[in-house]
Amino acid sequence: MLYFGDCRLNTPNMLDQRIQIIQGDITRLDVAAIVNAANPGLLGGGGVDGAIHRAAGPELRAFNKTLGGCKTGEAKISPGFRLPAEFVISTVGPVWKGGNSNEAGLLGQCYYNSLKLASAHNITSIAFPAISTGVYGFPFRQACEIALSSSNQFLVQNDNIQKVLMVSFSEADFNTYLGIYTQVNSR
Ligand code: APR
């Protein structure tokens, strides 16, 4: 069992084989949808948010203006415009405040609600960045464990989605993520 604070992650012994860990630039991935670690305004920012808006073009910001923002833990969908991906699913991760403000639950909701929205749009392949682990300061290892646990919880109940890529930008993050994935799968 994985624990995060007093939050027991009911991570199973084996992760669904559809989950894969990769390293790269999420804006270049030819998948049906990429997930953006956005802010509640959905109008762009730094980090992966900035990279996705730059690659998608100004149309993404113009479209997102019609969405009325997004609450932490929730997800909204838009076309991918100039991206290789057909769709962008924007979700807002929790800002890390020490771990006693339901950060784990809210981060889990980001993955679960993004997958739920993707499935509702018949999206079969989706890529996630490590939500909240940059500007929002969520400890990387715990964030990966929550990402894997929450995504797996959705996948065991859903056959539509065929591929879930967890994308690390740096090699160091990739090695950490892969280590956690392997550890969970070898229980
Ligand atoms: N491809 C994949 N992953 C990336 C890329 C990229 N091109 N660029 C950055 N990342 C990774 C970072 O290395 C980090 O692990 O995305 C993860 C999330 O980091 P941030 O982009 O800082 O997102 P987050 O921590 O969720 O903070 C969101 O930052 O940019 C603002 O508008 C955004 O206010 C929001 C906040």
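The structure under discussion appears in the preceding block.
Here we summarise the structure given alongside this text. (Residues numbered from 1 in each chain as written. Predicted model: local features only at pLDDT ≥ 70, side-chain atom pairs only at ≥ 80, totals over all residues. Heavy atoms only, no water.)

Looking at the packing of helix H3 (residues 103-120) against helix H4 (residues 140-155)
Contact geometry of H3 with H4 gives a least axis separation of 9 Å together with a crossing angle of 40°. Relative to H4, the element H3 lies oblique. As H3 packs across H4, the resulting crossing turns out to be right-handed. On H4, the residues that touch Ala104, Leu107, Gly108, Tyr111, Tyr112, Leu115, Lys116 and Ser119 of H3 are Ala143, Ile146, Ala147, Ser150, Ser151, Gln153 and Phe154. (Axes fitted to C-alpha atoms, helices over the stretch in contact; angles between N-to-C directions. Helix = DSSP H or I, 4+ residues; strand = E, 2+ residues; numbered from the N terminus. Parallel < 35°, antiparallel > 145°, perpendicular 65-115°, else oblique. Left-handed = near helix turned anticlockwise from the far one by under 90°. Contact = heavy atoms within 4.5 Å.)

Some words on the pattern of salt bridges
Scanning the model with the defined rule gives two salt bridges in all. With a shortest N-O distance of 3.1 Å, arginine 82 and glutamate 59 are connected by a salt bridge. A residue pair is termed long-range when its members are at least 10 positions apart, and arginine 82 in the loop between strand E5 (75-79) and strand E6 (87-92) and glutamate 59 in helix H2 (residues 58-64) qualify at 23 residues. A relative accessible area of 30% places glutamate 59 in the partly exposed class. (Salt bridge = Lys/Arg side-chain N within 4 Å of Asp/Glu carboxyl O. Buried < 20%, exposed > 50% of the residue type's maximum accessible area, 1.4 Å probe, protein only.)

A few points about the layout of surface pockets
Gaps between atoms show up when a probe of the same size as a water molecule is rolled over them. Approximately 610 Å³ is the volume found for the largest pocket. Taken together, 28 residues make up the lining of the largest pocket; nearest its centre are Ala37, Gly47, Val48, Asp49 and Gly134. Contributing elements (two or more residues each) for the lining of the largest pocket: strand E4 (33-38), helix H1 (47-56) and strand E8 (163-168). Take the lining of the largest pocket: its biggest share by element is five residues, from H1. Here the residues of the lining of the largest pocket are counted per class, giving 13 nonpolar, 11 polar and four charged. (1 Å grid on protein atoms, 1.4 Å probe; cavity = no way out; pocket = protein on both sides within 12 Å on 5 of 7 lines; lining within 4 Å. Points joined across faces, edges and corners; volume = space filled by probe spheres on them. Nonpolar A, V, L, I, M, F, W, Y, C, P; charged D, E, K, R; others polar.)

Details of the site of the ligand
The local shell around the ligand holds 19 residues, among which Gly46, Val48, Asp49, Thr133 and Gly134 are the closest. In this structure, aspartate 25 approaches the ligand through a side-chain N or O atom, which is 3.0 Å from a nitrogen atom. A distance of 2.8 Å is found between an oxygen atom of the ligand and a side-chain nitrogen or oxygen belonging to threonine 133. For the ligand, whose accessible area on its own is 700 Å², the fraction buried by protein is 89%. Using a 2 Å cut-off from the grid points, one finds that the ligand occupies the largest pocket. For the shell around the ligand, the secondary structure elements donating two or more residues are E4 and H1. Here the element with the most residues in the shell around the ligand is H1; it accounts for four residues. In the shell around the ligand, the residues fall into nine nonpolar, eight polar and two charged. (Near = heavy atom within 4 Å. Polar contact = N/O pair within 3.5 Å; in protein donor to acceptor, adjacent residues only side chain to side chain. Areas by Shrake-Rupley, 256 points an atom, 1.4 Å probe, with all protein chains shown as cover. Sits in = over half its atoms within 2 Å of the grid points.)

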